[in-house]
Amino acid sequence: IEIEESHFVEAFISPKPSTLINKIRFSANNMIASYFLESLKPFFNGFNHITIEASEIFLNKQGKVLKSTDIYASLSRGKNKYLNEKKKIDSGISELKKKHLK
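Read on for an overview of the structure.

Okay, the overall build of the chain next. Regarding its fold elements, the chain presents five helices and two strands. On C-alpha atoms alone, the chain measures out to a radius of gyration of 13 Å, which is about the 13 Å that the 2.2 N^0.38 rule sets for 102 residues. Projecting the C-alpha coordinates of the chain onto the three principal axes gives extents of approximately 35 × 35 × 25 Å. Here the chain holds 102 residues, and the buried ones make up 32% of them.

As structure tokens, then:
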């Protein structure tokens, strides 16, 4: 399910994301969702697995809040899996870094 870019950004910058109506629900498995969120860390201060869970804004494909333990587990189990998907994420993040992190 796609959401508007403004809602996506709002999830990251809101002081109380848990109160937002529009949640970010990943259609990919937890490994891909976790890898994507992990890749976004350089863009946001204090963005980590605990704050992701506490925000209650990021949902897995079943519609449940993505827990920090889910993130840790999926990242450790999926180190050598989904290499094509990871490359796509890395490519997009690299472009964002060039544009926004100098």
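Alright, that's what it looks like, and here's the rest.
This brings us to the nonpolar core. One finds F12, L37, F47 and F58 to be the most contacted residues of the largest nonpolar core, which totals 20 residues. Those elements that place two or more of their residues in this core are α1 (5–13), α2 (30–39), α4 (68–77) and α5 (83–100). Looking at which element gives the most residues to this core, the answer is α2, with five residues.

Among all positions of α4, only S68, I71, A73, S74 and L75 are buried. For α4, the elements touching its buried residues are α2 and α3 (49–55).

Let's shift gears to the packing of α2 against α5. For any two helices packed against each other, the geometry comes down to the angle between their axes and how far apart the axes lie. At a closest axis distance of 10 Å, the pairing of α2 and α5 adopts a crossing angle of 20 degrees. It follows that α2 is roughly parallel to α5 by the angle criterion. Read as a crossing pair, α2 and α5 show a hand that is right-handed. Contacts from M31, I32, Y35, F36 and S39 of α2 reach α5 at E85, K86, I89, D90 and I93. For the contact of α2 with α5, the per-class residue count stands at six nonpolar, one polar and three charged.

Two elements in contact, α2 and α4, have axes separated by 8 Å at closest approach and are oriented at 100 degrees. Relative to α4, α2 is oriented roughly perpendicular. Together, N30, M31, S34, Y35 and E38 of α2 and D70, I71, S74 and L75 of α4 make up the contact between the two elements. Classifying every residue of the contact of α2 with α4 gives four nonpolar, three polar and two charged.

Let us look at the environment of I52. Counting through the fold element by element, I52 comes out in helix α3. We classify I52 as buried; its relative accessible area is 1%. Measuring from C-alpha to C-alpha, the distance between I52 and L37 comes to 8.5 Å, with 15 residues separating the pair along the chain. I52 has contacts with L37, F47, F58, L66 and I71, leaving out every residue within four places of it along the chain.

With respect to the helices and strands, the residue S34 is situated in helix α2. The class for S34 is buried, based on a relative accessible area of 0%. In this view, S34 contacts D70, I71, S74 and L75; residues no more than four positions away in its chain are not counted.

Definitions and cut-offs
Residues numbered from 1 in each chain as written. Predicted model: local features only at pLDDT ≥ 70, side-chain atom pairs only at ≥ 80, totals over all residues. Heavy atoms only, no water. Helix = DSSP H or I, 4+ residues; strand = E, 2+ residues; numbered from the N terminus. Rg over C-alpha atoms; globule rule 2.2 N^0.38 Å. Buried < 20%, exposed > 50% of the residue type's maximum accessible area, 1.4 Å probe, protein only. Core = buried A, V, L, I, M, F, W, Y, C linked by side-chain atoms within 4.5 Å. Contact = heavy atoms within 4.5 Å. Axes fitted to C-alpha atoms, helices over the stretch in contact; angles between N-to-C directions. Parallel < 35°, antiparallel > 145°, perpendicular 65-115°, else oblique. Left-handed = near helix turned anticlockwise from the far one by under 90°. Nonpolar A, V, L, I, M, F, W, Y, C, P; charged D, E, K, R; others polar.

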